Amino acid sequence: MPAIEIPKEKWSGKVREITLGATADEGGTRAKTVTVGGQNSMPFLHFEGDSPNPPAIAIEIQDRKPADWSSVLLDAWGDVTEDVVAWAKAAEEKGADVILLKFGLHDGINADYARKTFRKVLEATGLPIIVFGPGQAELDNEVLVAIADEGKGERLVLGVCDDKNYRTIVAAALGNEHIVDARTAMDVNLSKQLNILINDMGLPMERIMMDPTTAALGYGMEYGYSVMERLRLAALQGDSMTQQPMLVTPGEEAWRAKEARAGEDVPEAWGDWAERAVNWETITAGALVESGADILALRHPESVKRVRAMIDALAK
Amino acid sequence: MSLSGIQIYKLLPASSKNAEVKKHGNCKECGYPTCLAFAMKLAQKQAELAQCPYVEDESKSQLEASAAPPVRLITVTGTERKLEVGNETVLFRHEKTFFNQPGIFVRVKDTQADAADVAKAVDAYSVDYVGMDLTLNGIAVEAAGGDFAATVAAVKAATSFPLILLTEDPDTAEAGLKAAEGTRPLLWAATADNWEAMAKLAAEYKVPLAVRADDGDVAALAALAEQVKGAGVEDIVLDPGARDYGSSLTVFTQLRRLAIKKNERKVGYPFIGFAGDDASLAGQHIAKYAGFVVLDSFSPGTVYPLLVMRANIFTDPQKPIQVQPGVYEINNPTPNDPLMVTTNFSITYFAVANEVESSGIPGWLLVADAEGMSVLTAWAAGKFDAERIAKGVKGNELEGKLDHKRIVIPGHVAVLMGELEEELPGWEINVGPREAVDLPNFLKTQWG
C-alpha cells in the first residue's frame, strides 16, 4: 500500500509579533514583557509551522469593586476587589501574563483620578498593562489620553480604539510609545480598514492589536469564531493588513450572559451555577484559542487556570 | 473527488466503446437533450444517475464513487433515537457549513452499580436554547471487568439513545452486541491485534466499527481501516488514539484534510474523541472535527454549555439563527414598564435583551419580523419599517397588555419616527440609542 502523505499548508504570510510592556532598559518599568503573534500556520499546527509565542492571558481588574459582577466572580476574588492594588497583585498571583485595568462607569471618573489609579496599578505589578476606558466616548478619551501620558514609554495597550475615537487614541499612543486595541464589529473588512486608518496616522503595525469583537457562547460566538479564522487565513495568505495578533474579551462577554450571571429562576437543566458560569467563560475562551486568539482577557481565577492548561497543552 | 461534466460525459452511453450501449447515446430518456447536457447536470448535482437506464455498470461504479461524500455518513441507532455523523465537506465552517453535529456520549462502566441510572438521566436531559431542544446522544458502555452483557442490557432498557460498546475483547464484544440486539451500536475498537475477530463481529451484527491506532499514527490507522474494510465492514469510525489537546488537534486536522482535500478514501470516516471530564477538550473536539465525543461523566452545568457550543459551531453561517418574532418579557415587566422594539436577527436580539436583562430594568421587547436581518440592514432592505413595527404592536395586542402607549425605537432608525406616528395614532414614539449597550442608561434617564 502506498504511504499516506500528510498534506501540509505552506503559507506565505506570518502574523506580526507585538511586544507588550517595556523594561527599564527599554524605557519603561516593567519586570517582564510579553510577546504575542509570530505564527505562520493556523493555531498550534506544529507539523507545518511555527508558533513561537503562545497566547497570553490577561486578567481583568477594575478600578472599583464592580457593581454589576456576578457573586460567583466576586466571591472567587474576595476582598481584593475593594482595592485595585490588592486586586492587581492577586491577579498576578493567579497567573496573569498581563493585567487588564478596566475603568467602570461611575461619577468619580476624570483624568486626574485615572492617572492616580493607573499609577497605583503600575507600581503594584511588574506585568505589562492593558487599559480599557469606561466605554463612553468622551470619558474614554479623557481617561486614555491621561493614562497614555502618565504611562509614557510603558508600551501599554490602550482600548478600545474604534472607528469613532481612533484619532484621539492613536495620537495618544503615538506620542507615548503605546499600542492600541483596534476594535471593529465582527467583519474581516472592517478590521482591515481600521488597521489601515490607524497605520496611516503613523502608528507602526507592530503597535496595533486587532480586536474583532467577542461574543459569548450562545450569543453569537460562532460569528466571532469564523471571522477570526478568516482573518487568520487572510494573514497567512499574505494580506499584510490582517497580520495582527488578536485580542479578545471572553471574560467580559461570557459574564454578561444570563447563563453565567443568574443563579436563581433559571431552568433546572442549566445545572450548578458556578460550574455552568465558569464553563461559559472557559468554553467561550477555548473556542477563541482554537480560532486564533493571541490575548484572552479573562475574569474568573478558575477559568485562568483551565485556559492556561489548555494553552500549555496546545503550545507543546 | 467529484468529476467534471466532461469527465462524466466520457462515462455515459454517447461515449461508450460498446456499440450496444452507444446506440442509446443522446436518447433523451433522461429528460435532457444530449448525454453532454445530462453530464453537466450530474456534475452540478442537479440530476440523478438513475435517470439514465443505459449507463454501463463499470461507469456506474466510478460515478457513484465520485459522488460519495469525502467523509462517510455513519448511523447508529438506539431503541427509538438515532444519530448520523459524517458527510462533512469543509475544514472551516465559513467555507460552507458543518453538517452533522457530533454525538455527545456519556461513559458508564460495567462495574458501576448506577450505570442504568446514569443512562436514564442522560436520556431524560433536554434543554431549551433559543427555541431549540438540545439533547445528548447516547451512552458509551465500557467493559471494565464487570458483567458487560447485563450492563448493556440494563442501559439499553434505560435509554432510547444509541450505545457505544467499549471493549477490545471479541468475546465480550459479542456478548454486548447480543445484549444490544434491536439497536445499532458503535463497536469500539478494532486494533492491530484483534481486528480480524472484531471485523467479523461488525460484519455479522451489521454495526459500525471503530478502529484504533496508537499515538496519532495516521498510517497505521489508515492501514487498519483498509484491513477492516477488506473484511466486509463498510461503516468505520477512526480513533487515532490521540487523547490530549495537541495531538488530537493535529491528527484530526491531518485526517480531515486528507479526506476532504486529497479525497483519501482510506480515512474518509468520522472520528471519535475521548474528552474525559475536560469540558474544554470536549469543546475542541466539537469545533475540530470529531464525529463522536465521549465524556466521562454527566453534569448539566457542563453539558449545557457544550450543547450550546455545538449548536453554535454547527449553525449554518449562511442562515443565521433567527429568533421568533413576538413580545419578549424581560425581568418580569408590569404594564407600566418600557416597550422597546428591535429586529429578529438573533445577534441583534441577544445584544438588546442581554443589556436590558443585565441592567435589571424590567421591560417589554417587541421583536419584529425583519427576516433575520440586523436593524440597519433590515431598514435598508425595507424589512424593518413603520408598517412592520406597527404590525407587531397590533398583532401582539400590546395596547391591551400595557398601561401606556410609548415605544422606544432603535436610534439607527430615527427616521421612522414620523411614519410610525401615522401608523400608530395616539402612540408616543421615543428614539432610543443607536447601540444596545447604551439602552440601560437611556431607560434609567429617559423613561419615567
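Preceding block: the structure.
Note that the structure is predicted; figures quoted are calculated from it, not measured.

Draft legend 1. Looking closely at the layout of surface pockets. Of the pockets and cavities examined, the second largest pocket occupies roughly 930 Å³. Contributing to the lining of the second largest pocket are 32 residues, with Tyr219(A), Lys258(A), Trp270(A), Tyr349(B) and Glu357(B) lying nearest its centre. Within the residue set of the lining of the second largest pocket, elements represented by two or more residues are helix H9 (258-261) of chain A together with strand E4 (127-129), strand E13 (326-330) and helix H13 (346-359) of chain B. The dominant element in the lining of the second largest pocket, judged by the number of residues it contributes, is H13(B), at six residues. Across the lining of the second largest pocket, the residue classes tally to 14 nonpolar, nine polar and nine charged. Mapped onto the domain boundaries, the lining of the second largest pocket takes at least three residues apiece from domain 2 (74-313) and domain 3 (326-446) of chain B.

Draft legend 2. Examining the environment of Asp214(B) more closely. Residues and elements named next belong to chain B. Mapped onto the secondary structure, Asp214 falls in the loop between strand E9 (209-212) and helix H9 (218-230). Residues Asp214 and Tyr9, 205 residues apart in the sequence, show an inter-C-alpha distance of 44 Å. At 2.8 Å, the side chain of Asp214 and the side chain of Arg212 are in polar contact.

Draft legend 3. Structural detail: empty space enclosed by the protein. All names here are of chain B. Using the criterion set out here, one finds four cavities of 30 Å³ or more in the structure. Here the largest cavity defines a volume of roughly 110 Å³. Every residue lining the largest cavity is counted, 14 residues in all, and those nearest its centre are Glu88, Arg256, Tyr289, Ala290 and Phe314. Secondary structure elements with two or more residues in the lining of the largest cavity: helix H11 (279-287) and strand E12 (290-295). Its residues assigned to classes, the lining of the largest cavity comprises nine nonpolar, three polar and two charged. One number sums up the size of the second largest cavity: a volume of about 70 Å³.

Draft legend 4. Spatial organisation of a nonpolar patch on the surface. Among the surface-exposed residues, Ile6(B), Leu36(B) and Met40(B) lie close enough to one another that they form a single nonpolar patch of about 220 Å² accessible area. Assignment of secondary structure puts Met40(B) in helix H3 (residues 35-43).

Draft legend 5. Broad picture of the pairing of strand E6 (residues 157-161) of chain A. Residues and elements named next belong to chain A. Summarising burial for E6: five of the five residues are buried, a large majority. Where strand E5 (residues 129-132) lies against E6, three bridges are found, and the strand directions are parallel. The partner of Phe132 across the bridge, within E6, is Gly159. With helix H4 (residues 137-150) bridging E5 and the parallel E6, this β-α-β connection has right-handed handedness. As judged from the three bridges shared by E6 and strand E7 (residues 179-183), these two strands associate in the parallel manner. Directly across from Cys161, in E7, lies its bridge partner Ala182.

Draft legend 6. Region of interest: helix H6 (residues 148-158) of chain B. Residue and element names in this part refer to chain B. Within H6, the full set of buried residues consists of Phe148, Thr151, Val152, Val155 and Ala158. All buried residues of H6 lie within an arc of 130° about the axis, which places them on one face of the element. Buried residues along H6 sit against strand E3 (103-109), helix H5 (115-124), strand E6 (138-142), strand E7 (163-166) and helix H7 (170-179). Capping of H6 at its N-terminal end is provided by Asp147; its side-chain oxygen lies 3.4 Å from the backbone amide nitrogen of Ala149.

Draft legend 7. Just the pattern of salt bridges, in detail. With the rule as written, the count across this model stands at 38 salt bridges over all chains. For Glu150(A), the salt bridge identified is with Arg115(A), shortest N-O distance 3.0 Å. Placement of the pair is Glu150(A) in helix H4 and Arg115(A) in helix H3 (residues 111-124), with a sequence separation of 35 residues. Assessed through its relative accessible area of 22%, Glu150(A) is described here as partly exposed. A salt bridge links Lys383(B) to Glu371(B); the nearest nitrogen and oxygen atoms lie 3.7 Å apart. You can see Lys383(B) sitting in the loop between helix H14 (375-380) and helix H15 (386-395) and its partner Glu371(B) sitting in the loop between strand E15 (363-368) and H14, a full twelve residues away along the chain. On the basis of relative accessible area, Lys383(B) is assigned to the partly exposed category, the value being 23%. Bridged by salt links that share partners, the residues Arg115(A), Arg119(A), Glu123(A), Asp149(A) and Glu150(A) form one connected network.

Draft legend 8. Examining the environment of Leu420(B) more closely. All names here are of chain B. Here Leu420 shows up in helix H17 (residues 417-423). Residue classification places Leu420 among the buried residues on the basis of a relative accessible area of 0%. C-alpha of Leu420 to C-alpha of Tyr32: the two residues are 388 residues apart in sequence and 54 Å apart in space. Filtering out sequence-adjacent residues up to four positions away, Leu420 remains in contact with Ala386, Ile389, Ala390, Ile409 and Ile429.

Definitions and limits used
- Think of each chain on its own: its residues are numbered from 1, step by step along the sequence as written.
- Labels are handed out in written order, letters beginning with A for the chains and numbers beginning with 1 for the ligands.
- Only residues with pLDDT of at least 70 are given local features in this predicted model, and only at 80 or more are side-chain atom pairs given and counted; all residues enter the totals for whole chains, interfaces and linings.
- In computing side-chain properties, one takes all heavy atoms of the structure into account and sets aside hydrogens as well as water.
- Here a cavity denotes a set of grid points, spaced 1 Å apart and computed over the protein atoms alone, in which a 1.4 Å probe fits but from which it cannot get out, and a pocket denotes an open set meeting protein on both sides within 12 Å along at least five of seven lines; residues with an atom within 4 Å of a point are reported as lining.
- Grid points are joined across faces, edges and corners, and a volume is the space filled by probe spheres set on the points.
- By definition, any uninterrupted DSSP run of H or I lasting at least four residues is a helix, any uninterrupted run of E lasting at least two residues is a strand, and each is numbered from the N terminus.
- Each residue is assigned to one of three groups, with Ala, Val, Leu, Ile, Met, Phe, Trp, Tyr, Cys and Pro labelled nonpolar, Asp, Glu, Lys and Arg labelled charged, and all others, Gly among them, labelled polar.
- Each domain span listed reflects an automatic or database assignment of domains.
- Between N or O atoms, a polar contact is any pair within 3.5 Å; within protein, one atom must be a potential hydrogen donor and the other a potential acceptor, and residues adjacent in sequence are included only when both atoms are from side chains.
- Patch rule: a residue counts if its relative accessible area is over 30% and it has no salt bridge; like charges are joined within 9 Å, and nonpolar side chains (Val, Leu, Ile, Met, Phe, Trp, Tyr) within 5 Å.
- A 1.4 Å probe and the Shrake-Rupley method give the accessible areas. Residues count as covered only by the protein chains that appear here.
- We define a salt bridge as a side-chain nitrogen of Lys or Arg found within 4 Å of a carboxyl oxygen belonging to Asp or Glu.
- Exposure is judged per residue with a 1.4 Å probe applied to protein chains only, and the accessible area is read against the type maximum: over 50% gives exposed, under 20% gives buried, and values in between give partly exposed.
- Strands qualify as paired when DSSP identifies two bridges or more between them.
- Seen with the strands pointing away from the viewer, any crossover whose path from the first strand over the helix to the second strand runs clockwise is right-handed.
- For this quantity, the arc is that covered by the directions from the helix axis to the C-beta atoms.
- Residue contacts are counted whenever heavy atoms from the two residues lie within 4.5 Å of one another.

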